Amino acid sequence: MAELLGRPPQCAFDVAVAHDDGRPVVIANAPLLDDGRPMPTRYWLVDADLRRRVSQLEGDGGVRMAEAAIDPAALAAAHRCYSAERDALLPQDHRGPRPSGGVGGTAQGVKCLHAHLAYRLAGGDDPVGDWVLARLGPDGSVR
């Protein structure tokens, strides 16, 4: 996993989505880092090809385009669900800082297409993730 992340993992995680051959696509992070700091990003896109393709889409103005295309109420609902799912995993006795925000750690709007796609691939109802999927061509291109 350190190779896919480009650094050692900083918290416990599970592979949430994998290719048929077992290679991870999305990991699900614990809500707290190993040192107790909050980890707002529950789902992390680790597949190198998908990361590259989504980065291209972001570089082409995808964050701004997605924000303009997605119904704000649907996006707000995705943020609330993401946050609730992550926060439900906090230890009952946790009294320190808590993760905040929704998808990618933001409470509103679109911050990171990678985070939205990761949440969608892991089964989340995320209209931005759907928007990203519609723009990723099956041959590795970005539409």
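The preceding data block contains the structure.
Description of the structure in this document. (Residues numbered from 1 in each chain as written. Predicted model: local features only at pLDDT ≥ 70, side-chain atom pairs only at ≥ 80, totals over all residues. Heavy atoms only, no water.)

### A closer look at the overall build of the protein chain
Within the protein chain one finds six helices and three strands. Each helix and strand of the protein chain, ordered N terminal to C terminal, gives the series α-β-β-β-α-α-α-α-α. Taken over C-alpha atoms, the radius of gyration comes to 15 Å for the protein chain, in line with the 15 Å a tight globule of 143 residues would show. Dimensions of the protein chain along its principal axes, counting C-alpha atoms only, are 45 × 35 × 25 Å. Counting only residues that meet the buried cut, the protein chain has 42% of its 143 residues in that class. In the protein chain, once contacts between residues fewer than 6 apart in sequence are set aside, the share between residues at least 24 apart is 51%. Of the roughly 7,500 Å² that the protein chain leaves accessible, carbon and sulfur atoms contribute 51%. (Helix = DSSP H or I, 4+ residues; strand = E, 2+ residues; numbered from the N terminus. Rg over C-alpha atoms; globule rule 2.2 N^0.38 Å. Buried < 20%, exposed > 50% of the residue type's maximum accessible area, 1.4 Å probe, protein only. Contact = heavy atoms within 4.5 Å. Areas by Shrake-Rupley, 256 points an atom, 1.4 Å probe, with all protein chains shown as cover.)

### Focus on the sheet that holds strand β3 (residues 43–45)
What the three strands build is an open sheet, ordered β1-β2-β3; its pairing is antiparallel. Each edge of the sheet is formed by a strand with only one pairing partner; in this case those strands are β1 (13–18) and β3. Strand-to-strand, the axes of this sheet are offset by a mean angle of 30 degrees, without reference to chain direction. (Pairing = 2+ DSSP bridges. Axes fitted to C-alpha atoms, helices over the stretch in contact; angles between N-to-C directions.)

### So, helix α6 (residues 127–135)
Looking at α6, one finds that the buried residues are Pro127, Val128, Gly129, Trp131 and Val132. Where α6 is buried, its residues touch α2 (48–59), α3 (62–69), α4 (72–87) and α5 (113–121). Capping of α6 at its N-terminal end is provided by Asp126; its side-chain oxygen lies 2.8 Å from the backbone amide nitrogen of Val128. (Polar contact = N/O pair within 3.5 Å; in protein donor to acceptor, adjacent residues only side chain to side chain.)

### Some words on the pairing of β1
Direction of pairing for β1 relative to strand β2 (residues 24–29): antiparallel, over a ladder of five bridges. For Ala18, the partnering residue across the bridge sits in β2 and is Pro24. Following β1, the chain reverses through five residues before pairing antiparallel with β2; Gly22 in that reversal takes a positive phi of roughly 95 degrees.

### Digging into the nonpolar core
In terms of nonpolar packing, the biggest core is built from 24 residues, with Leu45, Leu113, Val128 and Val132 touching the most fellow members. Secondary structure elements with two or more residues in this core: β2, β3, α2, α4, α5 and α6. Broken down by element, this core gets its largest block of residues, five residues, from α5. Setting aside residues up to four positions removed in sequence, Val128 forms contacts with Ala66, Ile70, Leu75, Val110, Leu113 and His116. (Core = buried A, V, L, I, M, F, W, Y, C linked by side-chain atoms within 4.5 Å.)

### Digging into the state of the cysteines
Tallied over the full model, the rule gives zero disulfides. Lacking any disulfide linkage, Cys11 is separated from the closest cysteine sulfur, that of Cys112, by 16 Å. For Cys81, which is in no disulfide, the shortest distance to another cysteine sulfur is to Cys112 and amounts to 19 Å. For Cys81, a relative accessible area of 45% corresponds to the partly exposed category. (Disulfide = S-S within 2.5 Å.)

### Considering the pairing of β2
Of all six residues in β2, six are buried, a share of seventy percent or more. Examined bridge by bridge, β2 and β3 share three bridges and lie antiparallel to one another. Considered in β3, the bridge of Ala28 is made with Tyr43.

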